[in-house]
Amino acid sequence: MTFQTLDDIEDGQRVLVRLDLNSPVEDGDVQDNRRFDRHAETIRELVDRDFEVAVMAHQGRPGRDDFVSLEQHADILADHIDSDVEFVADTFGPDAIHEIAGLEAGDVLVLENTRMCDEELPEEDPEVKAQTEFVQTLKGEFDAYVNDAYSAAHRSHASLVGFPLVMDAYAGRVMETEYEANTAIAEKEFEGNVTMVVGGTKATDVIDVMTHLDEKVDDFLLGGIAGELFLRAAGYPVGYDIDDADLYDHQWEKNSEKIESMLDAHRDQISLAVDLAYEDDGSRAEQSVDDIDEKTVSYLDVGSETVMEYSPVIRDSEAVFVKGALGMFEDERFSVGTAGVLEAIADTDCFSVVGGGDTSRAIEMYGMSEDEFGHVSIAGGAYIRALTGAELVGVEVLKR
Ligand SMILES: Nc1ncnc2c1ncn2[C@@H]1O[C@H](COP(=O)(O)OP(=O)(O)OP(=O)(O)O)[C@@H](O)[C@H]1O
Ligand SMILES: O=C(O)[C@H](O)COP(=O)(O)O
């Protein structure tokens, strides 16, 4: 192991712990998900070992609907560790310092959303982040820093990269497990076919992964919003915003050239949806992409014919990686694509990895279990960067 872990720290210290509790927020309600479950193991261990624990985490980004307080996260975490968790609506000001001072052995306190602190977000070098007032103030309150937020480790934000430069720093259990699994996967060689299912909402992530893995992956099966943008590049009248939606056009402007050249260079490797699903009078309806003359509805899933085409490719693969959902699976009507490919993977004995904070939620939601997959990562962006062999800044600073 290249960094210190919880095996290397003496019990009973005052620790500042960075988790990634970034979650889907529906109508203001934070949705419980696998991230709580995983991080609870780290926190439970710290509680059992009499540490005094203050938790830092982020939620959403300023300006977005999911940029909310961590008050609900503290309650959800309390359920997962089956013990009290206090919350303070302050990141590093006098209220936070007061609550931190009152911590006793086995106590857990969640500090307010780190992204409510101005010094957290701009991506800057770890050396710059280490000198912020945020880091300099909190470091004096603790004996050590623990980073468990592997899924945010691709961000050079103060709470992730500043503290390890000025404090004793350790990797939490999630950091350790995800790092080992994802690094091993990146180094693995496969003799048979390797397939990657790519979807979700983030076109840049999808292009990145396709660009870096085009030699390792034999077949890319596309869906989701990213898949629609590829259909647009292939000449279909889909993949642009209608009504007030803001999902496609800005991503198209940023990425169209890359998508077009990717499609040109790798047409044989890339499978696009042959049909798409939309809402019609409250029900699911499907349409072949060849029959779409003009986009008049929002497509929320790939169609059943697409799943029938993708499933045999998965069955014939030695390894399958998933990043991003093929549709808006949170609504059961539009879960056919995502649940269909996940079931096809679960039914074969291929090596499989499912990544993405949101996407991995579909596993239990549709009656499958984590054991049916090789590795289920709670990371999205960090997972695909790791697969491409890229270093994660939050991990690198822990190694120093
Ligand atoms: N056609 C679609 N319209 C609207 N939403 C879609 C569509 N297809 C997929 N999605 C959404 O994509 C989301 C998952 O993909 P996304 O890439 O955003 O997250 P992720 O894979 O969990 O990764 P990360 O952890 O980086 O957020 C799901 O919440 C799903 O609802
Ligand atoms: O949910 C994630 O993928 C991580 O928490 C990083 O969040 P961000 O993409 O908003 O930086």
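Residues numbered from 1 in each chain as written. Chains lettered and ligands numbered in written order. Predicted model: local features only at pLDDT ≥ 70, side-chain atom pairs only at ≥ 80, totals over all residues. Heavy atoms only, no water.

A look at the pattern of salt bridges
Evaluated as defined, the whole model comprises 24 salt bridges. Note that Arg18 and Glu120 form a salt bridge whose closest N and O atoms lie 3.6 Å from each other. You can see Arg18 sitting in strand β1 (residues 14-18) and its partner Glu120 sitting in the loop between β6 (108-111) and α4 (126-130), a full 102 residues away along the chain. Residue Arg18 shares its accessibility class with Glu120, and that shared class is buried. Lys129 serves as the salt-bridge partner of Glu124, at 3.0 Å between the closest nitrogen and oxygen. (Salt bridge = Lys/Arg side-chain N within 4 Å of Asp/Glu carboxyl O. Helix = DSSP H or I, 4+ residues; strand = E, 2+ residues; numbered from the N terminus. Buried < 20%, exposed > 50% of the residue type's maximum accessible area, 1.4 Å probe, protein only.)

Details of empty space enclosed by the protein
This model, assessed by the stated rule, comprises 2 cavities of 30 Å³ or more. Roughly 40 Å³ of volume is contained in the largest cavity. Around the largest cavity, the lining residues are Ile185, Ala186, Leu213, Lys216, Val217, Phe321 and Leu387. Its residues assigned to classes, the lining of the largest cavity shows 6 nonpolar, no polar and 1 charged. Counted as a void, the second largest cavity has a volume near 30 Å³. Lining the second largest cavity, in full, are Val197, Val322, Gly324, Ala325, Leu326, Thr338, Val341, Leu342 and Thr359. In terms of residues, the lining of the second largest cavity owes the most to one element, helix α12 (residues 336-347), which gives 3 residues. Counted by class, the lining of the second largest cavity contains 6 nonpolar, 3 polar and no charged residues. (1 Å grid on protein atoms, 1.4 Å probe; cavity = no way out; pocket = protein on both sides within 12 Å on 5 of 7 lines; lining within 4 Å. Points joined across faces, edges and corners; volume = space filled by probe spheres on them. Nonpolar A, V, L, I, M, F, W, Y, C, P; charged D, E, K, R; others polar.)

Comments concerning the UniProt feature "binding site: (2R)-3-phosphoglycerate" (unreviewed entry) in the chain
Here the UniProt feature "binding site: (2R)-3-phosphoglycerate" (unreviewed entry) sits at Arg35, Arg115 and Arg155. Residue position: Arg115 is located in the loop between β6 and α4. Classification of Arg115 as buried rests on a relative accessible area of 7%. Excluding residues that lie within four positions of it along the chain, Arg115 makes contacts with His58, Gly60, Arg61, Pro62, Phe67, Glu120, Leu121 and His157. Here Gly60 takes part through its backbone oxygen, which lies 2.8 Å from a polar atom of the side chain of Arg115. Checked against the element boundaries, Arg155 lands in the loop between β7 (144-147) and α6 (158-162). Taking relative accessible area as the criterion, Arg155 reaches 26% and is therefore assigned partly exposed. Setting aside residues up to four positions removed in sequence, Arg155 forms contacts with Arg61, Glu123, Leu160, Val161, Arg385 and Val393. (UniProt positions renumbered as here; feature names shortened; annotations may be inferred. Contact = heavy atoms within 4.5 Å. Polar contact = N/O pair within 3.5 Å; in protein donor to acceptor, adjacent residues only side chain to side chain.)

Focus on the pairing of β1
A large share of β1 lies buried, amounting to 5 of its 5 residues. Judged by which residues are buried, β1 turns out to be covered on both faces: Arg14, Leu16 and Arg18 on one side and Val15 and Val17 on the other are all buried. Relative to β7, β1 runs parallel, the two sharing 4 bridges. Bridge assignment links Leu16 to a residue of β7, and that residue is Tyr145. (Pairing = 2+ DSSP bridges.)

A short note on the packing of helix α1 (residues 34-48) against helix α2 (residues 71-81)
At a minimum axis distance of 9 Å, the contact between α1 and α2 shows a crossing angle of 70°. Between α1 and α2, the interaxial angle falls into the category roughly perpendicular. The crossing of α1 and α2 is right-handed. Residue-level contacts link Phe36, Asp37, Ala40, Ile43 and Arg44 of α1 to His73, Ile76, Leu77, His80 and Ile81 of α2. Taken together, the residues of the contact of α1 with α2 break down into 6 nonpolar, 2 polar and 2 charged. (Axes fitted to C-alpha atoms, helices over the stretch in contact; angles between N-to-C directions. Parallel < 35°, antiparallel > 145°, perpendicular 65-115°, else oblique. Left-handed = near helix turned anticlockwise from the far one by under 90°.)

A short note on the site of ligand 2
In the vicinity of ligand 2, the contacting residues are Asp20, Asn22, Arg35, His58, Arg61, Arg115, Ser151 and Arg155. Within the side chain of Arg35, an N or O atom sits 3.0 Å from an oxygen atom of ligand 2. At a separation of 2.8 Å, an oxygen atom of ligand 2 approaches a polar side-chain atom of Arg61. Out of a free accessible area of 320 Å², ligand 2 has 88% covered by protein chains. Grouping the amino acids of the shell around ligand 2 by side-chain chemistry returns no nonpolar, 3 polar and 5 charged. (Near = heavy atom within 4 Å. Areas by Shrake-Rupley, 256 points an atom, 1.4 Å probe, with all protein chains shown as cover.)

Quick notes on the sheet that holds strand β13 (residues 283-288)
The strands that make up a sheet pair up through hydrogen bonds in the backbone, lying either parallel or antiparallel. What the 3 strands build is an open sheet, ordered β13-β12-β14; its pairing is antiparallel. Either end of the sheet is taken by a strand with one partner, and the two such strands are β13 and β14 (299-302). Mean inter-strand twist for the sheet, computed between neighbouring axes without regard to direction, equals 40°. Examined bridge by bridge, strand β12 (residues 275-280) and β13 share 6 bridges and lie antiparallel to one another.

Quick look at the sheet that holds β6
What the 6 strands build is an open sheet, ordered β5-β6-β4-β1-β7-β8; its pairing is parallel. A single partner strand is all that each edge strand has here, and the edge strands are β5 (86-88) and β8 (168-171). Neighbour-to-neighbour, the strand axes of this sheet turn through a mean angle of 25°, independent of strand direction.

Describing the packing of helix α8 (residues 203-213) against helix α10 (residues 249-266)
Where α8 meets α10, the closest approach of the two axes is 10 Å, and the angle between their N-to-C directions is 25°. It follows that α8 is roughly parallel to α10 by the angle criterion. In this structure, the crossing between α8 and α10 has a hand that is left-handed. Across from Ala203, Thr204, Ile207, Met210 and Thr211 in α8, the residues of α10 making contact are Gln251, Lys254, Asn255, Lys258, Ile259 and Met262.

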